[in-house]
Amino acid sequence: MKIAIAGSGAMGCRFGALLKEAGHDVILVDEWAIHIEAINQRGLEIRNETGSRFLPIKACLPPEVTEIMDLVIVFTKAMLTDALMQKCQHFINDRTLVLTLQNGLGNIEILEKSIPRDNLIVGVTTYGTELLGPGIIQAFGSGHNQIMQVDGKVTDDIKKLAEILIFAGMDTKVSENAFSEIWNKVAFNSVLNTLCTLMENTVGAVGHYSRFHEVIDHIVEEIIEVGYAEGVSLNKDDIFKMIINVIPPDMAGNHLPSMYQDMENNRQTEIDFLNGAIVNLAKKHNIAVPMNLLITHLIKMKEEIRFYQSQQEVKK
Ligand code: NAD
């Protein structure tokens, strides 16, 4: 199968590598030229708990893809989905399946603008990966994927895609309601990614705040209310369990979420697709979401302060 990864950062490289090792014709597509060059010169370096390996795999900028793909997996950060997809249209036709396992709300709506609904597959992944530098990823432990054709149809295409991901070594299920899973993950990220970024600390440290439950209670309740207005039913206990389960050090307790890494490196965060998306949807339904609004402002303020400080440094 000809597979392109549109947005080959940490997760794109991990999925691309596993699919390549499973025998597919994979190309990593990205706009970070130094990263592309490093992969083409040395191979992709994949580090994990047991060591590291170099995988020869093709990488290129979007205009350099010359063939139509059977499958495109979108793994850019949410705020770049629209811009990147516009640069990928020449290798997608009406038979290309497009899969997004990105975090956040809004990616599906962006993809729907150019991808026929029958070809659009959505879902969530719990695999964790970090981009350590150009051409180097760190793959953390294991995880699982849940995928669904956007209208919930159990087509031959989606069954085949699940088989492909399973054969590549990834635990994958065809979900009956991936939207709930996407919203659950939005709630999880809207709590942990943001609080760790604001507190500049790990999941474990933030989770040990004596009144942690009180803080997350309000954030999660607001998300559940907005989800309900959008026709998605969420369970507060399930979301709490997801969050509390990752606090111990042998889970993700020592982990610094990718939003923290983005902030540290003066990159834009996915806030507009997490708490920010909740705020926007809440407006539509006339629901008050003060906690999510405050968190959105705090993250955006921090982004702007860091940008301002970096500009001051440049002037010195
Ligand atoms: P990433 O930050 O590793 O990469 C995203 C893009 O940023 C890539 O195009 C990459 O080339 C570019 N980039 C990264 N560092 C750069 C630098 N220094 N200079 C220039 N460009 C740079 O993204 P990711 O973590 O793979 O996330 C992709 C999507 O998957 C997001 O929606 C994310 O929320 C989601 N997701 C991530 C994880 C994870 O563990 N990383 C897990 C589940 C879902």
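See the structure printed just above.
Residues numbered from 1 in each chain as written. Predicted model: local features only at pLDDT ≥ 70, side-chain atom pairs only at ≥ 80, totals over all residues. Heavy atoms only, no water.

J.: Quick question: what am I supposed to make of the layout of surface pockets here?
T.: A water-sized probe rolled over the atoms picks out the places where empty space is left. For the second largest pocket, the calculated volume is near 400 Å³. For the second largest pocket, the lining is made up of 21 residues, of which Leu105, Gly106, Glu109, Trp183 and Leu281 are closest to its centre. Top element by residues in the lining of the second largest pocket is helix H4 (residues 107-112). It accounts for four residues. Split into classes, the residues belonging to the lining of the second largest pocket amount to 10 nonpolar, seven polar and four charged. (1 Å grid on protein atoms, 1.4 Å probe; cavity = no way out; pocket = protein on both sides within 12 Å on 5 of 7 lines; lining within 4 Å. Points joined across faces, edges and corners; volume = space filled by probe spheres on them. Helix = DSSP H or I, 4+ residues; strand = E, 2+ residues; numbered from the N terminus. Nonpolar A, V, L, I, M, F, W, Y, C, P; charged D, E, K, R; others polar.)

J.: It is not clear to me how the environment of aspartate 272 should be interpreted in this structure. Could you clarify?
T.: On the secondary structure map, aspartate 272 appears in the loop between helix H11 (258-264) and helix H12 (275-284). Note on aspartate 272: relative accessible area 34%, which makes it partly exposed. Spatially, the C-alpha atoms of aspartate 272 and valine 232 are 19 Å apart, while their sequence positions differ by 40 residues. Among residues more than four places away in sequence, those in contact with aspartate 272 are Ala277 and Lys300. Within the structure, the side chain of aspartate 272 is placed 3.0 Å from the side chain of lysine 300, a separation counted as a polar contact. (Buried < 20%, exposed > 50% of the residue type's maximum accessible area, 1.4 Å probe, protein only. Contact = heavy atoms within 4.5 Å. Polar contact = N/O pair within 3.5 Å; in protein donor to acceptor, adjacent residues only side chain to side chain.)

J.: Can you help me understand the sheet that holds strand S12 (residues 171-174) in this one?
T.: Hydrogen bonds between backbone atoms are what pair the strands of a sheet, whose relative direction is either parallel or antiparallel. Pairing is mixed in the open sheet, where eight strands are placed in the order S5-S2-S1-S6-S7-S8-S11-S12. With partners counted over all chains shown, the strands left at the sheet margins are strand S5 (58-60) and S12, one partner each. Shown here is a sheet whose adjacent strand axes are inclined to one another by a mean of 25 degrees, direction ignored. Bridging between strand S2 (residues 25-29) and S5 involves three bridges; their strand directions are parallel. (Pairing = 2+ DSSP bridges. Axes fitted to C-alpha atoms, helices over the stretch in contact; angles between N-to-C directions.)

J.: Could you clarify how one ought to interpret the site of the ligand in this entry?
T.: Neighbouring the ligand are 18 residues; Ala10, Met11, Asp30, Asn103 and Glu270 lie closest to it. Between the ligand and the protein, one listed contact pairs an oxygen atom with a side-chain N or O atom of asparagine 103 at 2.9 Å. Between a nitrogen atom of the ligand and a side-chain N or O atom of arginine 267, the distance comes to 3.3 Å. Contact with the protein chains hides 82% of the accessible area of the ligand, taken as 810 Å² for the molecule alone. Of all the secondary structure elements, the ones that give two or more residues to the shell around the ligand are helix H1 (10-21) and strand S9 (128-133). The element contributing the most residues to the shell around the ligand is S9, with three residues. Among the residues making up the shell around the ligand, the classes are represented as six nonpolar, seven polar and five charged. (Near = heavy atom within 4 Å. Areas by Shrake-Rupley, 256 points an atom, 1.4 Å probe, with all protein chains shown as cover.)

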